[in-house]
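Each chain is listed here by its residues.
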Amino acid sequence: MLPYWMLWMRHHGYSAMEIGWVTSAQVLMTIAGSYFWGMLSDKTGQPMRIVKTALSLSVILFSAIYLVQDSYAGILLVMAGTSFFWQGVFAQFELVTLR
């Protein structure tokens, strides 16, 4: 998604610096999300439930992109939140798969 996302933002008139900030927010939320979801999974002992919940929230949050596509702050928040939920649970998904 990331390579095409940059093209989409460029098509909508966002500058290279704005695109870079959104991309970096996605990476930072991926790192923070991995630790958060790992900690939550360890505390609850239910990694599959965590994965399902986080991925569902990610899809719901990403669908809001059409509501905020004209707002840079809105796009930044939606994409950061989506990365927090989507990318953050990949480690948990791998854990469930390898069990």
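A. Representation of the environment of Tyr14 in the model. Looking at the element boundaries, Tyr14 is found in the loop between helix H1 (2–11) and helix H2 (16–44). Considering only alpha carbons, one finds Tyr14 and Leu40, 26 residues apart in sequence, at a separation of 36 Å. Those residues within four positions of Tyr14 in sequence are excluded, and the remaining contacts are Met9, Ile19, Gln69, Asp70, Ser71, Tyr72 and Ile75. Among the polar contacts listed, one links the side chain of Tyr14 to the backbone oxygen of Gln69, at a separation of 2.9 Å.

B. View of the packing of helix H3 (residues 47–62) against helix H5 (residues 90–98). Relative orientation of the contacting elements H3 and H5 amounts to 140°, with a least axis distance of 9 Å. The angle between the axes of H3 and H5 places the two elements in the oblique class. Considering the relative orientation of H3 and H5, their crossing is left-handed. Facing Pro47, Met48 and Val51 of H3, the residues of H5 in contact are Gln92, Phe93, Leu95 and Val96.

C. Inspection of a nonpolar patch on the surface at higher detail. Residues Met48, Val59, Trp86, Phe90 and Phe93 make up a contiguous nonpolar surface patch of about 440 Å² in total accessible area. Of all the elements in the fold, those that place two or more residues in the nonpolar patch are H3 and H5. Looking at where Trp86 falls in the secondary structure, it is placed in helix H4 (residues 72–86).

D. Seen up close, the side chain of Thr23. Mapped onto the fold, Thr23 is located in helix H2. Among the polar contacts listed, one links the side chain of Thr23 to the backbone oxygen of Ile19, at a separation of 2.8 Å.

Procedures and definitions
Residues numbered from 1 in each chain as written. Predicted model: local features only at pLDDT ≥ 70, side-chain atom pairs only at ≥ 80, totals over all residues. Heavy atoms only, no water. Helix = DSSP H or I, 4+ residues; strand = E, 2+ residues; numbered from the N terminus. Contact = heavy atoms within 4.5 Å. Polar contact = N/O pair within 3.5 Å; in protein donor to acceptor, adjacent residues only side chain to side chain. Axes fitted to C-alpha atoms, helices over the stretch in contact; angles between N-to-C directions. Parallel < 35°, antiparallel > 145°, perpendicular 65-115°, else oblique. Left-handed = near helix turned anticlockwise from the far one by under 90°. Patch = residues over 30% accessible without salt bridge, like charges linked within 9 Å, V, L, I, M, F, W, Y side chains within 5 Å. Areas by Shrake-Rupley, 256 points an atom, 1.4 Å probe, with all protein chains shown as cover. Salt bridge = Lys/Arg side-chain N within 4 Å of Asp/Glu carboxyl O.

Function cannot be inferred from these measures alone, as they are strictly geometric.
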